Amino acid sequence: MSATAPDAALRADVLIAGYGPVGAVLAALLGARGVSVLVVDPATEPHPRPRAAGLEAQVLRLLVGLPGMAGLLEQVLPSAGATYLGPDRRVLLTTGHGPAELGVPVGAFVYQPTVERALRAGIATLPGVRVRLGAAVTGLHQNPASVLVDLDDATVVQARFVVGCDGAASTVRTLMGVGYEGTTFAEPWLVVDVRGRQPLPVPGDLVFVLDPARPMVAMPVPGGHRFEWMLRAGEDPARMSRPDAVAGLLGSWIDPEAVEIERAAVYTFHARMARRWRVGRVLLAGDAAHTMPPFTGQGLNAGIGDAAALAWRLREVLAGLSDERGLGDYERERRARAAVITSGAVRAGRVIQTTSPGRAALCRVGLRAVARAPGLTSAVLRGAALRPRPRLPRVAGRGADRFAFAAVVLPNPAVRVTHDVRPGGGADGHLDDLLGPSWALLGLGVDPEHALSPAARAWLRARDATLLTVTRPGAAGPAVAGGVRSTSTVVEDLEGTLLRFLRRGDAPRLVVVRPDRHLLGVFPAPLPAGVLPGPGVGVGVAGAPDRPAPRRSWETTTAPHPPRREGPRGVPSWSEGAEGRGVANIPRVRPGEG
């Protein structure tokens, strides 16, 4: 392998291996922050078939703010909840998603090829992002200041950091020498995507059929529908994916002749996690770091969450605002999040995939009881019982996890600007329309500028933070607490979701918001000393000291190399997230996504 430094044309702040949705989002986030990026991918075109089918509100919120993605919400199908059916297709329980507080639907179904095309078109407008397709990483050589990356066309790239977004069979992870621990599920699923010109006579939202004879999941996608069936023991995957077998299964729901079958394939699932997500200047994100069963529809969402959590940390290190020790919080925070949602997906899979008539009957009894319980039924329909407010898991130890409301996601309510100090001003809209890509400080009933020490003011100014004064509806003009005139832009919280952070007595509060829209915390005014992190101090909410990652129940095997390409009985393996292509023929799809 070569370790010769390249010429200036092959240098970048960050090299991203993998141009699937996770790598593309990371490239867009870094490029929008002025970071020079080189993306490499062995494939020369985006994957033409749909894989992920659903996105949650946090990801939708992030995506609509990226270049080229402003029209995304016009191309998705909002999701209201999920319906659980018995073998006879009678409704057992209907659940809701809860209130939409992020300015976008709580959940939505998407057609992934459309999303990827829009992402790539937006990235093409960023002058700091270069894309090199048809090129694969073959070697990594670290030194204290950079990484030399060998590509398979005999060229070498010098990057200050490398991020592997190259899927479950990650070459970058293999070159790091990092194990990939977990399990492969034995149950294969047939996944069928159909396209039709007319609306289909099927439920318009996510459906789980709890049938021990043939567990099944279905959901709409823009322009079509997805059907998924678990195969029975002994069924031949090749035979079940043939047109006649697919038509037989579809026939109990729709007329097979009325649709075009876009894809029919059989897959198995993984629950795996990389033992380490960072080795020096090389990091992992998305499927390269973790894969999970699809039954809670979180795989791609989790991968894009990785990109959001990593992008701003890398930018701060590259800009000299933080040193590399701050990157440690990326893995601690995101590993905890991935472990929680993987465990939840494993538990959901045990229910959805059960073939025991006795256990299935008990499950139906339980769901019917919930559906008939006064109060509980209302909570389930509102989403309050099943969908808690989004936040990151807390990890005990040093760091910001001790702060009030730490890790909670910042709401994105409709706001009215009553006093604007921004150059050129702007129209009323949602809170995100006023926030930039960096930190933000919101004063609830107080001008944040007046509540800062000189050191805190300099810290925020160095990061080009946004400062806003937030008031109740009707509190017009620039005056805030005590009649003091605000020197920051003043907005009315028209939905009251920001003012919810005020505690008893309505004392003014300061909300410190990270660039990924998670809260560092809510604090009294003036801002206490020691809140804003210094060099080398974690800026996440999971500031536990480094230690070996705890094992989860699904981490029962160690795979130091990429997972095998074949599942049980010759079935292709499935990889959640679908960010890597070309490095391994692992089909990507997401049964139960939504």
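A short tour of the structure in this document, coming up. Keep in mind that what you see is a predicted model, and the values were worked out from it rather than measured.

1. A short note on the overall build of the protein
Now for step 1: For the protein, the count of helices and strands is eleven helices and 29 strands.
Now for step 2: Each of the 594 residues in the protein was classed as buried or not, and the buried ones make up 59%.
Now for step 3: Residue pairs in contact within the protein that sit at least 24 positions apart in sequence constitute 73% of those at least 6 positions apart.
Now for step 4: For the protein, the exposed surface amounts to about 22,500 Å²; the carbon and sulfur share of it is 56%.

2. A few points about the packing of helix H7 (residues 299-318) against helix H8 (residues 328-352)
Packed helices, taken two at a time, are described by the angle their axes make and the gap between the axes.
Now for step 1: Interaxial distance between H7 and H8 falls to 10 Å at its minimum, and their mutual angle equals 165°. One element, H7, and the other, H8, form an angle in the roughly antiparallel class. Crossing of H7 over H8 shows right-handed handedness. Where H7 abuts H8, its residues Ala302, Gly305, Asp306, Ala309, Leu310 and Arg313 lie against Asp329, Tyr330, Glu333, Arg334 and Ile341.
Now for step 2: Along the lines of polarity and charge, the residues of the contact of H7 with H8 split into five nonpolar, one polar and five charged.

3. What to know about the sheet that holds strand S3 (residues 54-56)
Now for step 1: Reading across from one edge, S3-S7-S4 is the order of the three strands in this open sheet, with antiparallel pairing throughout. Because the sheet does not close on itself, it has two edges, and the strands there are S3 and strand S4 (77-78).
Now for step 2: Sheet analysis places S3 next to strand S7 (residues 107-109), joined by three bridges and oriented antiparallel. Within S7, the residue paired with Glu56 across the bridge is Gly107.

4. Remarks on the pairing of strand S2 (residues 37-41)
Now for step 1: Within S2, five of the five residues are buried, which leaves it mostly tucked inside the rest of the structure.
Now for step 2: Burial along S2 is two-sided: the residues Val37, Val39 and Asp41 and Leu38 and Val40 are all buried.
Now for step 3: Of the strand pairs in this sheet, strand S1 (residues 11-17) and S2 are connected by four bridges, and their pairing is parallel. Bridge pairing in S2 places Ile16 opposite Val39.

5. Description of the packing of aromatic side chains
Now for step 1: This model, assessed by the stated rule, comprises eleven aromatic pairs.
Now for step 2: Judged by centre distance (5.8 Å) and plane angle (55°), the rings of Trp189 and Phe295 are tilted. Taken together, the residues Trp189 in strand S13 (residues 189-195) and Phe295 in the loop between strand S21 (290-291) and H7 connect sequence positions 106 residues apart.
Now for step 3: Given a relative accessible area of 0%, Trp189 falls into the buried group.
Now for step 4: Exposure remark for Phe295: the relative accessible area of 3% places this residue in the buried category.
Now for step 5: Taken together through their ring pairs, the aromatic side chains of Trp189, Phe269 and Phe295 make up a single cluster.

6. Details of the environment of His518
Now for step 1: Within the secondary structure, His518 is located in the loop between strand S27 (509-513) and strand S28 (519-524).
Now for step 2: With 111 residues separating them in the primary sequence, His518 and Ala407 have C-alpha atoms 5.4 Å apart.

7. Digging into the pattern of salt bridges
Now for step 1: Counted according to the given criterion, the structure contains 25 salt bridges.
Now for step 2: One salt bridge in this structure joins Asp306 and Arg334, with 2.8 Å as the shortest N-O distance. Of this pair, Asp306 sits in helix H7 while Arg334 is found in helix H8, placing the two residues 28 residues apart along the sequence.
Now for step 3: Residue classification places Asp306 among the buried positions, given a relative accessible area of 0%.
Now for step 4: On the basis of relative accessible area, Arg334 is assigned to the buried category, the value being 6%.
Now for step 5: Each of Arg313, Glu333, Arg514 and Asp516 takes part in a single network of salt bridges with overlapping partners.

8. Section: unusual backbone geometry
Now for step 1: With omega at 0°, the peptide bond leading from Ala525 into Pro526 counts as cis.
Now for step 2: Relative to the helices and strands, Pro526 is located in the loop between S28 and strand S29 (557-559).
Now for step 3: You will see that Ala154, though not glycine, has its phi angle at about 75°, which is positive.
Now for step 4: The topology assignment puts Ala154 in the loop between strand S10 (147-151) and strand S11 (156-164).
Now for step 5: Here Ala154 falls in the exposed class, since its relative accessible area comes to 71%.
Now for step 6: Although it is not a glycine, Ala407 adopts a positive phi angle of roughly 85°.
Now for step 7: Within the element layout of this structure, Ala407 appears in the loop between helix H10 (376-382) and strand S22 (414-419).
Now for step 8: With relative accessibility at 0%, the residue Ala407 sits in the buried group.

About the criteria used
- Residues numbered from 1 in each chain as written.
- Predicted model: local features only at pLDDT ≥ 70, side-chain atom pairs only at ≥ 80, totals over all residues.
- Heavy atoms only, no water.
- Helix = DSSP H or I, 4+ residues; strand = E, 2+ residues; numbered from the N terminus.
- Buried < 20%, exposed > 50% of the residue type's maximum accessible area, 1.4 Å probe, protein only.
- Contact = heavy atoms within 4.5 Å.
- Areas by Shrake-Rupley, 256 points an atom, 1.4 Å probe, with all protein chains shown as cover.
- Axes fitted to C-alpha atoms, helices over the stretch in contact; angles between N-to-C directions.
- Parallel < 35°, antiparallel > 145°, perpendicular 65-115°, else oblique.
- Left-handed = near helix turned anticlockwise from the far one by under 90°.
- Nonpolar A, V, L, I, M, F, W, Y, C, P; charged D, E, K, R; others polar.
- Pairing = 2+ DSSP bridges.
- Phe/Tyr/Trp six-rings, centres within 6.5 Å; stacked < 30°, edge-to-face > 60°.
- Salt bridge = Lys/Arg side-chain N within 4 Å of Asp/Glu carboxyl O.

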